[in-house]
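Coordinate analysis (summary)
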Amino acid sequence: MQNFLQNWGNAAYTSAGFFWMALWAFILGYFLSSLIQILVTEERMQRTMGDARSKSMLLGTFFGFISSSCSFSALATTKSLFQKGASFSAAIAFLLASTNLVIELGIIISIFLGWQFVVGEYVGGMLLIAISWLIIRLINPKKLIKKAREHLGKQQEEDDDADKSWKTKIRSSKSWAKIAKQYVMEWKMVWKDVTIGFTIAGIVAAFVPDSFFRSLFINSGTEVTTYSFWSLLEHVVIGPVAAFMTFIGSMGNIPLAALLFSKGVSFAGVMAFIFSDLVVFPVLRINAKYYGWRMSLFILFLLFSSLIGTALALHYGFDLLGYLPDPKAVSVTETEHFKIDYTFFLNLGFLLLTAGLVYHGLFRRKDVMHHKEMAPKSKVLEQTLKYLAWVSYVWLVGGLVVRFFYCLIFPCFE
């Protein structure tokens, strides 16, 4: 019993510490994302993405980079762009960039995993897009694309502010109200995923032994310095399976990715785990609703093939350059999370920014209406996630009480 209480306290403290480490980065990332999404409309994006040439691909990638990291938001925007006439290749480039190249994801990765993974994330995101483009050009699924457009039909919605320049918008109180409302929406989209993801990370750190990871990822461990091709291939296949089992988005998965790497999972396996948010069943179901099952399965094949090739290419490329990161350098569970340092002051400053945005958008300018289309979520999945998120809060509060109060009276920690 004492051992369980100790692990419970450690798990809750680790989860809370992880979130405290990343809080300012979440706020900064979602603020920048909200700012750009209001200033740059879908109509402006679509006008430049009408063909599959390299310019459209680059623009689709750029617009994805400045967009939201939420998979459900990215899926809806991708559908909208494709429906309005963007090429299939450019739409896929946007989808991959908006879930792998976004600013907030890079900031979170830098906190938990270090610069090599940040470089891997952005270089890998570009590789994902390039490989996907190559596969599309080789297969040339014209009939699938035509049927997908017919399945969608035409969209007539237009943004009233579409023709206003960003300079005009940024001086408008109405635009700032929309930015604030979009910022709140960003948090509403991810709070369940982040809560569950950080809670699972703490539980894994405290309760799951290293032997479990050695059995799941063959030839893994902090003492392993070289991997055979077949070991790496197993890692990059199991990585997406592990991501599917957690059923949370990439933002919530980053602490888990850090734990996997600290346990000795290969660089390729961890990158595959991070890249996997678009090859899970909820995304497959949404794409089927949008484009039909044949196109949805083709997109799954496209993204999974690109993911495997990218993860392997990154591992061998970093190894060739001598830049493979050392798992012993990632020790997130041994960090003293709560202290007066730059993280404390950054969190304080960005919490004040949040308060200002919430006041302006939800109280001062509550007359301003703003709505962003989201991909259709499963009601069962959403209810399950909400239930698990509230269970996570109970677990975290209970664990912190055990660590800081119960164990003062009945010592659990030596």
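Notes on the structure follow.

1. Examining helix H8 (residues 142-152)
Those residues of H8 that fall on the buried side of the exposure criterion are Leu 144, Ile 145, Ala 148 and Leu 152. For H8, the arc enclosing every buried residue in end-on projection is 100 degrees, short of the 170-degree limit, so these residues lie on one face. Of the residues in H8, the exposed ones pointing more than 90 degrees away from the buried face are Lys 142, Lys 143, Lys 146 and Glu 150.

2. What to know about a nonpolar patch on the surface
A surface patch of nonpolar side chains, amounting to about 650 Å² of accessible area, comprises Trp 115, Val 119, Val 123, Leu 320, Leu 321 and Tyr 323. Examining the composition of the nonpolar patch, we find that three residues originate from one element, helix H7 (residues 115-139), more than from any other. Topologically, Trp 115 is positioned in helix H7. Classification of Trp 115 by relative accessible area gives partly exposed; the value is 48%.

3. Some thoughts on the nonpolar core
Formed by 99 residues in total, the largest nonpolar core has its most connected members in Phe 88, Phe 112, Leu 113 and Met 295. In terms of residues, this core owes the most to one element, helix H1 (residues 2-39), which gives 14 residues.

4. Digging into the packing of aromatic side chains
What the rule picks out here adds up to 25 aromatic pairs. Measuring from centroid to centroid gives 6.1 Å for Phe 82 and Phe 88, while their planes differ by 70 degrees, and the two rings are edge-to-face. Neither Phe 82 nor Phe 88 differs from the other in exposure class; each is buried. Each ring, one from Phe 112 and one from Phe 198, has its centre 6.2 Å from the other, and the planes form 75 degrees; the classification is edge-to-face. You can see Phe 112 sitting in helix H6 (residues 103-112) and its partner Phe 198 sitting in helix H10 (residues 173-207), a full 86 residues away along the chain. For Phe 112, a relative accessible area of 2% puts it in the buried group. In this structure, Arg 403 packs its charged tip against the face of Tyr 13, placed 4.2 Å from the ring centre. Above the ring of Phe 404, the side-chain terminus of Arg 403 is found at 5.8 Å from the ring centroid.

5. Description of unusual backbone geometry
We note that Asn 140 has phi near 50 degrees; this positive angle belongs to a residue other than glycine. Within the secondary structure layout, Asn 140 lies in the loop between H7 and H8. For Asn 140, a relative accessible area of 42% translates into the label partly exposed.

6. So, the packing of helix H5 (residues 88-100) against helix H16 (residues 293-321)
Close contact between H5 and H16 brings their axes to 13 Å; oriented N to C, the two are set at 60 degrees. The orientation of H5 relative to H16 falls into the category oblique. Crossing angle aside, the handedness with which H5 passes H16 is right-handed. Packed against H5, whose contacting residues are Phe 88, Ile 92 and Leu 96, the element H16 presents Met 295, Phe 298, Ile 299, Leu 302 and Leu 303 at the interface. Here the residues of the contact of H5 with H16 sort into eight nonpolar, no polar and no charged.

What counts, and at which threshold
- Residues numbered from 1 in each chain as written.
- Predicted model: local features only at pLDDT ≥ 70, side-chain atom pairs only at ≥ 80, totals over all residues.
- Heavy atoms only, no water.
- Buried < 20%, exposed > 50% of the residue type's maximum accessible area, 1.4 Å probe, protein only.
- Helix = DSSP H or I, 4+ residues; strand = E, 2+ residues; numbered from the N terminus.
- Arc of directions from axis to C-beta.
- Patch = residues over 30% accessible without salt bridge, like charges linked within 9 Å, V, L, I, M, F, W, Y side chains within 5 Å.
- Areas by Shrake-Rupley, 256 points an atom, 1.4 Å probe, with all protein chains shown as cover.
- Salt bridge = Lys/Arg side-chain N within 4 Å of Asp/Glu carboxyl O.
- Core = buried A, V, L, I, M, F, W, Y, C linked by side-chain atoms within 4.5 Å.
- Phe/Tyr/Trp six-rings, centres within 6.5 Å; stacked < 30°, edge-to-face > 60°.
- Lys NZ or Arg CZ within 6 Å of the ring centre and 35° of its normal.
- Axes fitted to C-alpha atoms, helices over the stretch in contact; angles between N-to-C directions.
- Parallel < 35°, antiparallel > 145°, perpendicular 65-115°, else oblique.
- Left-handed = near helix turned anticlockwise from the far one by under 90°.
- Contact = heavy atoms within 4.5 Å.
- Nonpolar A, V, L, I, M, F, W, Y, C, P; charged D, E, K, R; others polar.

Honestly, it's all geometry; don't read function into it.
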